[in-house]
Amino acid sequence: MRAALERMDPLAAADDSRAFHSVLCEHCPNEFLLGLVTQMSERLDSVGRSVIVFMLQRTLAVVDEHEHLLGLIEGKAEEHEIERYARDHKLRAVTTYIATRTALAGTPSLVAAW
Ligand SMILES: [Zn+2]
């Protein structure tokens, strides 16, 4: 992700982020939860990748958050601490996405691209 951002390629960074989450989730024993996570990811993809370009500030923060999450896992933090951080990470992503989409909705040329 960091390399993609250094190349100023937010779409590649988004692909890398998706791959990161896929690896983290692939061994989830809760199929229902995994289905919800997959659905949410697919919904975000389906609304268009144009919004991702406008979320660069968030994407920069995501790299640090992923590293922090890996640090929690590698450091064998308590499960509830890892779970809370992962949930907050996802909530920040959704909140930023909604705010960005709302802000872009007032820009007719960008809305037409969706
Ligand atoms: Zn993430």
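Residues numbered from 1 in each chain as written. Predicted model: local features only at pLDDT ≥ 70, side-chain atom pairs only at ≥ 80, totals over all residues.

Caption draft 1: Geometry of the overall build of the protein chain. When its secondary structure is counted, the protein chain shows seven helices and zero strands. Written out in order from the N terminus, the α and β elements of the protein chain read α-α-α-α-α-α-α. Residue burial in the protein chain is summarised as follows: out of 114 residues, 10% are buried. (Helix = DSSP H or I, 4+ residues; strand = E, 2+ residues; numbered from the N terminus. Buried ≥ 20, exposed ≤ 12 C-beta atoms within 10 Å, placed from the backbone.)

Caption draft 2: Examining the confidence of the model for the protein chain more closely. On average, residues of the protein chain carry a pLDDT of 83, and 86% of them reach 70 or more. For the protein chain, per-element mean pLDDT is lowest for helix α7 (residues 108-111), which scores 47, and highest for helix α5 (residues 56-74), which scores 90. The low-confidence segment residues 109-114, where pLDDT is below 50, has nine contacts with residues more than four positions distant or belonging to other chains. (pLDDT = per-residue confidence, 0-100. Contact = placed C-beta atoms within 7 Å.)

Caption draft 3: Looking closely at the environment of Q57. Summarising the element assignment, Q57 is placed in helix α5. Judged by the 10 C-beta atoms lying within 10 Å of it, Q57 is exposed. Here the alpha-carbon distance between Q57 and T96, two residues 39 residues apart in the chain, equals 9.7 Å.

Caption draft 4: Fine view of helix α6 (residues 79-105). In this model, α6 (27 residues) spans 39 Å end to end at C-alpha, consistent with the 39 Å of a helix rising 1.5 Å per residue. For α6, the buried fraction is low: one of the 27 residues fall into the buried class. (Expected span 1.5 Å × (residues − 1).)

Caption draft 5: Just the packing of α5 against α6, in detail. Put simply, α5 and α6 touch, their axes get as near as 10 Å, and they point 170 degrees apart. With respect to each other, α5 and α6 are oriented roughly antiparallel. Along its contact with α5, which presents R58, E65, H68, L69, L72 and I73, the element α6 presents E81, I82, Y85, A86, H89 and T96. Residue composition of the contact of α5 with α6, grouped by class: six nonpolar, three polar and three charged. (Axes fitted to C-alpha atoms, helices over the stretch in contact; angles between N-to-C directions. Parallel < 35°, antiparallel > 145°, perpendicular 65-115°, else oblique. Nonpolar A, V, L, I, M, F, W, Y, C, P; charged D, E, K, R; others polar.)

Caption draft 6: Representation of the packing of helix α2 (residues 10-25) against α5 in the model. Where α2 contacts α5, the two axes come as close as 11 Å, and the packing angle between them is 35 degrees. The hand of the α2/α5 crossing is left-handed. Of the residues in α5, those in contact with P10, A13, S17 and F20 of α2 are L56, T59, V62 and H66. When its residues are assigned to classes, the contact of α2 with α5 shows five nonpolar, three polar and no charged. (Left-handed = near helix turned anticlockwise from the far one by under 90°.)

Caption draft 7: Summary view of unusual backbone geometry. Of note in this structure, M8 is not a glycine but carries a positive phi near 60 degrees. Checked against the element boundaries, M8 lands in the loop between α1 (2-6) and α2.

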